[in-house]
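# Coordinate analysis (summary)
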Amino acid sequence: DMTMFSDKLMHISPNKAKKLLRTLIDKTKKSNGHISILFHNTMFEPIDYPGRSNVFWSTLKYAKHKKGWLCSPNQLFNYWKRK
């Protein structure tokens, strides 16, 4: 989230962030890759950061729609530990 929304970095709108993340998901799916997305809990404050929680939730819904595996860090660790 900080990379996309920070004034010092990309500084893009929530709508542009959604499009960017969907493009990243599509490209990652084609290459059978993995994405790790970090959103800080402070970004869910609607007064200071309007529309940003929607970016998070819509990204998860899109990834699930594309048959992505949504998991916690612990689930990912256990997956690779078993392999």
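To be clear, the structure that these remarks concern was listed above.
Report follows, based on the coordinates. Residue numbers restart at each chain and count upward from 1, following the sequence in its written direction. Only residues with pLDDT of at least 70 are given local features in this predicted model, and only at 80 or more are side-chain atom pairs given and counted; all residues enter the totals for whole chains, interfaces and linings. Only hydrogens and water are removed before side-chain values are computed, so all heavy atoms of the structure are retained for them.

### Observations concerning the pattern of salt bridges
Note on definitions: salt bridges are taken to be side-chain nitrogens of Lys or Arg within 4 Å of carboxyl oxygens of Asp or Glu. Taken as a whole and assessed by the stated rule, the structure comprises one salt bridge. A salt bridge links Asp 26 to Lys 66; the shortest N-O distance between them is 3.7 Å. Linking Asp 26 in helix H2 (residues 14-30) with Lys 66 in the loop between helix H3 (52-65) and helix H4 (73-82), this pair joins segments that are 40 residues apart in sequence. Relative accessibility decides the category of a residue: with a 1.4 Å probe and only protein chains considered, values under 20% of the type maximum give buried, values over 50% give exposed, and everything between is partly exposed. In this structure Asp 26 comes out as partly exposed when scored by relative accessible area, which is 28%. Under the relative-accessibility criterion, Lys 66 is labelled partly exposed at 27%. Labels follow the DSSP assignment, with helices taken as runs of H or I lasting at least four residues and strands as runs of E lasting at least two, numbered in each case from the N terminus.

### Here's the deal with H3
Over its 14 residues, H3 extends 20 Å from the first C-alpha to the last, a length consistent with the 20 Å expected when each residue adds 1.5 Å. Listed as buried for H3 are Arg 52, Val 55, Phe 56, Ser 58, Thr 59, Tyr 62 and Ala 63. Residues of H3 that are buried in the fold lie against helix H1 (2-5) and H2. Backbone geometry just downstream of H3 places Lys 67 in the positive-phi region, at approximately 70°. Expected helix span is computed as 1.5 Å times (number of residues minus one). Contacts between residues were defined by any pair of non-hydrogen atoms, one from each residue, lying within 4.5 Å.

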